[in-house]
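# Overview (structure and organization)
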Amino acid sequence: MTVNLTKLALNKIKQAKCTKKLVVFTVASTAKQESEPFLSPLREYDQFCVLGCVIFNQTSLVELLVAIDGLVDVVLVDAEKKIPIHLGADTGLDIADSRTIGSFETGNFSKLCFTQIKKSLVFEYKPNDLTVNAAWMFLSQKLHSFTGKKISLLGLGNIGSKLALKLVECGADVHVYSRDYFKSHLIIQALNLIKPIGTIATITCHREPLPASFASDVLIGATNGHPIITDEIITSVNKNCLIVDLGKNNLTKSAVAYARECGLEICRTDVTSSLQSFVTETLSLNNTLVNNYGERIVSGRVVVGGGYFGQLGSIVVDSINSPTRVFGIADGKGSLKQKLANSERDDLAVVEKYFKFKDE
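Residues numbered from 1 in each chain as written. Predicted model: local features only at pLDDT ≥ 70, side-chain atom pairs only at ≥ 80, totals over all residues. Heavy atoms only, no water.

## Notes on the packing of helix α5 (residues 158-169) against helix α6 (residues 181-194)
Two quantities define a packed helix pair, namely the angle between the helix axes and the distance between the axes. Close contact between α5 and α6 brings their axes to 10 Å; oriented N to C, the two are set at 30°. As α5 runs across α6, the sense of the crossing is right-handed. Listed contacts from α6 to S161, A164 and L165 of α5 are I187, L191 and I194. Of the residues belonging to the contact of α5 with α6, the class tally is five nonpolar, one polar and no charged. (Axes fitted to C-alpha atoms, helices over the stretch in contact; angles between N-to-C directions. Helix = DSSP H or I, 4+ residues; strand = E, 2+ residues; numbered from the N terminus. Left-handed = near helix turned anticlockwise from the far one by under 90°. Contact = heavy atoms within 4.5 Å. Nonpolar A, V, L, I, M, F, W, Y, C, P; charged D, E, K, R; others polar.)

Put into structure tokens, the structure is as follows:
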């Protein structure tokens with residue numbers, strides 16, 4: 001199956017390269033171990049296109065990485081450690097034990113990518129966080145305001161707990177259910193402590209899904225492939241309730257049919273916009289670190305740029321290599337001095353003259 005996956009990936013990459021755009025390949029996994037790896041769909045944006053795979057075996061990943069290195073411009077690798085290591089003896093990687101935290105941390109796809117990829121750029125990303133952000137953005141635009149809304153969240157794993165915090169911070173009354181009540185209760189206690197002190201809304205933990213869902217304005221299924229939303233739960237929500245399948249198979253087949261019969265809207269989380277924003281931000285930051293960030297000496301003056309923390313008296317510019325703007329003199333505390341001595345004004349003039357001369 002690895003050979004088939006690699007062959008399919010290479011065909012998809014060939015298709016992506018026909019767009020003449022930057023090609024980004026994502027490598028992700030899930031805590032739910034599925035039987036076979038699979039490719040994610042090809043998404044095309046203005047400046048780049050994104051494709052990738054969801055994979056569950058490190059040995060297979062190594063073979064895939066060797067095949068795609070240099071064919072794609074960027075590899076985004078899932079930074080979260082979700083699965084144990086299962087490396088074959090033929091990989092040439094020195095791992096003392098298949099479940100060790102030795103040369104590689106357990107489930108660390110990032111280490112494999114940074115080790116194996118030699119030609120393409122490699123960056124980490126967190127697909128779960130993209131899902132959380134996509135869900136929040138979608139609900140924000142659909143609801144316009146979270147204040148006073150009851151949002152029921154069935155499932156409180158990595159994604160559900162992060163989304164619960166974002167929602168309660170915005171004023172939603174969040175009601176959650178998870179099969180492990182004791183663990184959920186601890187998580188909710190922590191989230192209610194983390195939320196801003198001025199936030200009146202709270203997160204409430206329930207022992208059963210039905211009371212958690214009762215009279216909800218938004219019903220979110222966030223389990224890991226477990227069909228938690230049933231007909232009975234559908235009958236308990238508000239008549240205009242929005243139903244969100246945050247993962248896969250959160251609704252039973254009969255619940256889907258009944259929801260449609262009741263005229264309730266069902267949607268799935270689409271990460272297309274979040275993925276576009278993340279890739280754009282990643283490439284922009286990489287450009288900043290490569291071309292704008294750091295410290296240099298210009299005509300005897302210390303110049304910093306790109307967000308580099310300047311010492312007292314450093315001259316702050318937008319880019320140390322190709323500056324277009326001088327911001328001022330660093331105060332050594334992370335900001336700019338408001339009052340300048342004559343000598344400091346002279347320093348600014350010297351640097352400005354130097355860069356203007358360089359431009360000419």
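## Let's talk about the side chain of K150
Counting through the fold element by element, K150 comes out in strand β6 (residues 150-154). There is no salt bridge for the buried K150, and the closest opposite charge comes from D217, which lies 8.4 Å off by N-O distance. There is a polar contact of 2.4 Å between the side chain of K150 and the backbone oxygen of F214. In this structure, K150 is in contact with D173, H175, P211, A212, S213, F214, A215, S216, D217 and V218, ignoring residues within four places of it in sequence. (Buried < 20%, exposed > 50% of the residue type's maximum accessible area, 1.4 Å probe, protein only. Lys, Arg positive; Asp, Glu negative; His and termini not counted. Salt bridge = Lys/Arg side-chain N within 4 Å of Asp/Glu carboxyl O. Polar contact = N/O pair within 3.5 Å; in protein donor to acceptor, adjacent residues only side chain to side chain.)

## Some points on the packing of aromatic side chains
Overall, the coordinates contain five aromatic pairs when judged by the stated rule. Judged by centre distance (5.2 Å) and plane angle (50°), the rings of Y45 and F48 are tilted. Y45 gets classed as buried once you look at its relative accessible area, which sits at 6%. For the ring pair Y293 and Y308, a centre distance of 5.4 Å and an interplane angle of 65° mean the geometry is edge-to-face. Of this pair, Y293 sits in the loop between α10 (272-292) and β12 (294-298) while Y308 sits in the loop between β13 (301-305) and β14 (315-317), and the two are 15 residues apart along the sequence. With a relative accessible area of 35%, Y293 lands in the partly exposed category. A relative accessible area of 31% means that Y308 is categorised as partly exposed. Note that K166 overlies the ring of W136, its terminal NZ or CZ placed 5.2 Å from the centroid. Note that R207 overlies the ring of Y181, its terminal NZ or CZ placed 4.0 Å from the centroid. (Phe/Tyr/Trp six-rings, centres within 6.5 Å; stacked < 30°, edge-to-face > 60°. Lys NZ or Arg CZ within 6 Å of the ring centre and 35° of its normal.)

## With respect to the sheet that holds strand β7 (residues 173-177)
In space, the six strands of this open sheet follow the order β8-β7-β6-β9-β10-β11, with parallel pairing throughout. Only two strands of the sheet have a single neighbouring strand rather than two, namely β8 (203-206) and β11 (265-268). In this sheet, adjacent strand axes meet at a mean angle of 20° when their direction is disregarded. The pairing of strand β10 (residues 242-245) with β11 spans four bridges and is parallel. Across the sheet, the residue bridging to I243 is I266, located in β11. On top of the sheet, helix α4 (residues 127-143) reaches β6, β9 (218-221), β10 and β11; it is set at about 170° to β10, its chief contact. In the packing of α6 onto the sheet, contacts are made with β7 and β8, and the angle to β8 comes to roughly 175°. (Pairing = 2+ DSSP bridges.)

## Focus on the nonpolar core
By size, the foremost hydrophobic cluster in this structure holds 29 residues, and its most contacted members are L139, L167 and I220. Those elements that provide at least two residues to this core are α4, β6, α5, β7, α6, β8, β9 and β10. Counting residues per element, this core draws most heavily on α5, at six residues. Apart from the residues lying within four places of it in its own chain, the contact partners of I220 are L139, I151, S152, L153, L154, L163, L167, I229, V244 and L246. If you look at the next biggest cluster of nonpolar residues, it comprises 24 residues, including V23, C49, C53 and I68. (Core = buried A, V, L, I, M, F, W, Y, C linked by side-chain atoms within 4.5 Å.)

## A few points about the sheet that holds strand β15 (residues 326-329)
Strands sit in the order β12-β13-β14-β15 across an open sheet of four strands; the sheet is mixed. Each edge of the open sheet carries a strand with a single partner, namely β12 and β15. Strand-to-strand twist in this sheet, taken as the mean axis angle between neighbours without regard to direction, amounts to 30°.

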